[in-house]
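Summary of structural features
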Amino acid sequence: PDETLPYTAVTLSWAGGDGKLDPSQAGLAELTSKALPRGTTAMTATELQDYLADRAASLDSSAGRNSFALSAKFPTRFTDEILPVVRATLTEPAWDPDELERARQDQIADIRRREDQPLGLAFRNLFPFLYKSGPYALLHQGTVKEVAGFSGADVQGFWARQSMQPFVMAVAGEFDPEKITAFANGLAKALADSSAGYHYSTPE
């Protein structure tokens, strides 16, 4: 808790990310993270962005080698309006084909931009050069060909596997502990499967 400013930051983190991919799926976790916060079944991507902007809030997700995360930041007085949107983003994402295609084009543009720069190209290929197995051996963003070939079913399938993992939720700023705890418990019941485990592989 920190009541210096009437602001709240929430981050949910899962084990997973690239670690839940086959070698042929490099880039899928990153694509899912780009597509996830682009609308819910009740809000289009534009409506969601307008809703957040009207409340000076932000909502972003990211994927890593062994992790997946979603973060929200908002003025505390909008807690009751933002937390349901966070829940809907995680439990009822729209996966709109047009938005998925925009996410795909953004990722392809990121890949090409990095490959156009010597340092970007070097660091992009550093992990696959150093490691032979596990998530560290993958190109995190995948290749243009791989990303172009992912379907909506691929993204939804990955999220179904990823969202079953138990999560850790960190909250900072001004907030009501009981309200946040109730939100976390409700989300865990809706998403997490206690039998789902994650194996941190030892890279070769």
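What comes next concerns the included structure. These numbers come from a predicted model, not from an experiment. (Residues numbered from 1 in each chain as written. Predicted model: local features only at pLDDT ≥ 70, side-chain atom pairs only at ≥ 80, totals over all residues. Heavy atoms only, no water.)

Examining the packing of aromatic side chains
Aromatic ring pairs are described here by two measures, namely the spacing of the ring centres and the angle between the planes. Threshold: Ring geometry is summarised as follows: Phe, Tyr and Trp rings, the Trp one being its six-membered ring, pair when their centres sit within 6.5 Å, and such pairs are stacked at plane angles under 30 degrees, edge-to-face over 60 and tilted between the two. We count a charge as sitting over a ring when the NZ of a lysine or the CZ of an arginine lies within 6 Å of the ring centre and within 35 degrees of the ring normal.
All chains considered together, the criterion is met by nine aromatic pairs. Put simply, the rings of Trp14, Phe68, Phe158, Trp159 and Phe167 pair up and form one aromatic cluster. Sitting above the plane of the Phe127 ring, Arg65 keeps its charged end 4.4 Å from the centroid.

A short note on the pairing of strand β3 (residues 67-75)
Rule in force here: At least two bridges found by DSSP between two strands is the condition for calling them paired. In DSSP terms, a helix is any run of H or I states spanning at least four residues, a strand is any run of E spanning at least two, and both are numbered starting from the N terminus.
In the sheet, strand β1 (residues 7-15) pairs with β3 via nine bridges, with the strands oriented antiparallel. In the sheet register, Ser13 faces β3, and the bridge partner there is Ala69. With six bridges connecting them, strand β2 (residues 58-63) and β3 associate as antiparallel partners. When the sheet's bridge partners are listed, Ser61 is paired in β3 with Leu70. The turn linking β2 back onto β3 is made up of three residues.

Describing the sheet that holds strand β4 (residues 167-173)
Pairing between sheet strands relies on hydrogen bonds along the backbone, with the strands arranged either parallel or antiparallel. Put simply, the rule is: What counts as an axis is a line fitted to C-alpha atoms, over the stretch in contact for a helix, and the angles between N-to-C directions run from 0 to 180 degrees. In this analysis, two residues are considered to be in contact whenever any of their non-hydrogen atoms come within 4.5 Å of each other.
In space, the four strands of this open sheet follow the order β2-β3-β1-β4, with antiparallel pairing throughout. Edge strands, defined here as strands with exactly one partner in the open sheet, are β2 and β4. Put simply, the sheet's adjacent strands are angled 15° from each other on average, direction ignored. Across the sheet, helix α1 (residues 28-35) is in contact with β2 and β3; its angle to β2 comes to roughly 175°. The sheet contacts of helix α8 (residues 177-191) involve β1 and β4, and relative to β4 the element is tilted by about 160°.

Considering unusual backbone geometry
Using the following cut-off: Accessible area is worked out with a 1.4 Å probe on protein chains only. A residue is then buried under 20% of its type maximum, exposed over 50%, and partly exposed in between.
Phi at Ala56 is positive, roughly 50°, even though this residue is not glycine. Tracing the backbone shows Ala56 in the loop between α2 (45-54) and β2. Assessed through its relative accessible area of 48%, Ala56 is described here as partly exposed. For Trp95, which is not a glycine, the phi torsion comes out positive at approximately 50°. Along the chain, Trp95 falls in the loop between α3 (79-91) and α4 (97-115).

Quick look at the environment of Ala192
Looking at the secondary structure, you find Ala192 in the segment after α8. Exposure remark for Ala192: the relative accessible area of 27% places this residue in the partly exposed category. Sequence-wise, Ala192 and Gln162 are 30 residues apart; in three dimensions their C-alpha atoms are separated by 9.3 Å. Look past the residues within four positions of Ala192 in its chain and what remains in contact with it is Ser163, Met164, Gln165, Pro166 and Leu187.

A short note on the packing of α1 against helix α7 (residues 152-163)
Two measures define how a pair of helices packs: the angle their axes make with one another and the distance between the axes. Test applied: In these notes the angle categories are as follows: under 35 degrees is roughly parallel, over 145 is roughly antiparallel, 65 to 115 is roughly perpendicular, and the rest is oblique. Polarity classes work like this: nonpolar for Ala, Val, Leu, Ile, Met, Phe, Trp, Tyr, Cys and Pro, charged for Asp, Glu, Lys and Arg, and polar for all others, with Gly in that last group.
Put simply, α1 and α7 touch, their axes get as near as 10 Å, and they point 90° apart. By the criterion of interaxial angle, the relationship of α1 to α7 is roughly perpendicular. Packed against α1, whose contacting residues are Leu28, Ala29, Leu31 and Thr32, the element α7 presents Asp154, Val155, Phe158 and Trp159 at the interface. Grouping the amino acids of the contact of α1 with α7 by side-chain chemistry returns six nonpolar, one polar and one charged.

Overview of the pattern of salt bridges
Stated precisely, the cut-off is as follows: Whenever Lys or Arg places a side-chain nitrogen within 4 Å of a carboxyl oxygen from Asp or Glu, that contact is recorded as a salt bridge.
Scanning the model with the defined rule gives 11 salt bridges in all. Put simply, Glu30 and Lys34 hold a salt bridge, and the shortest N to O gap is 3.9 Å. Of this pair, Glu30 and Lys34 both sit in helix α1, separated by four residues, roughly a single helical turn. In this structure, Asp80 and Lys179 form a salt bridge, with 3.0 Å as the shortest nitrogen-oxygen distance. In this pair, Asp80 sits in helix α3 while Lys179 sits in helix α8, placing the two residues 99 residues apart along the sequence.

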